[in-house]
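Structural overview for review
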Amino acid sequence: MDTKISKKDLQKIIDSLGIAYNEGISSDTNKNKNPRLVFWDFLWEPLTASGLEYDTVVTYQVSFFSSTPRHPKLIELKNLLAQKGIFVRIEHEYVEKDKCWHSYFGIDVLENVV
């Protein structure tokens, strides 16, 4: 994952899908909606110059829940990221207890962590 986008651009892309989404965990309102998306950060890697931190590469997991593993909104998300030069490896699993597909990937985002 060499190409990175800003968190603002990632949020714009997610918002443009027109589906339910949350950062962190699914809200009570969204937890049973499909398709839906949840994203959260799980890795911070500081970028330094001259011994000082000037930005952070934050790796987010993006989780997409739907009734099919190739949902049109997931394909749209994949294509929108590709237009920005970001090509993600999407993994899929079936969640038996929720009767839905969970598709997920990691994405590196440039972010000022303060």
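Below: a short report on this structure. Bear in mind that the values here come from a model prediction, so they are computed numbers and not experimental data. (Residues numbered from 1 in each chain as written. Predicted model: local features only at pLDDT ≥ 70, side-chain atom pairs only at ≥ 80, totals over all residues. Heavy atoms only, no water.)

**Overview of helix α1 (residues 7-16)**
Looking only at α1, the buried set comprises K7, L10, I13 and I14. Projected down its long axis, α1 carries its buried residues within an arc of 125°, all on one side. Close packing links the buried residues of α1 with β1 (5-6), β2 (20-23), β3 (36-49), β4 (52-66), α2 (72-83) and β6 (100-111). Just downstream of α1, G18 is the residue with a positive phi angle, here 70°. (Buried < 20%, exposed > 50% of the residue type's maximum accessible area, 1.4 Å probe, protein only. Helix = DSSP H or I, 4+ residues; strand = E, 2+ residues; numbered from the N terminus. Arc of directions from axis to C-beta. Contact = heavy atoms within 4.5 Å.)

**Some points on the packing of aromatic side chains**
Throughout the structure, instances matching the rule amount to two aromatic pairs. Measuring from centroid to centroid gives 5.3 Å for Y94 and W101, while their planes differ by 65°, and the two rings are edge-to-face. Overall, the relative accessible area of 38% leaves Y94 in the partly exposed class. Classification of W101 by relative accessible area gives partly exposed; the value is 25%. Lying over the aromatic face of F65, R36 brings its terminal NZ or CZ to 4.2 Å of the ring centre. (Phe/Tyr/Trp six-rings, centres within 6.5 Å; stacked < 30°, edge-to-face > 60°. Lys NZ or Arg CZ within 6 Å of the ring centre and 35° of its normal.)

**Details of unusual backbone geometry**
Residue P35 is reached from N34 by a cis peptide bond, and omega for that bond is 0°. Along the chain, the position of P35 falls in the loop between β2 and β3. Its identity as a non-glycine residue notwithstanding, K99 has a phi of 55°, on the positive side. Residue placement: K99 occurs in the loop between β5 (91-95) and β6.

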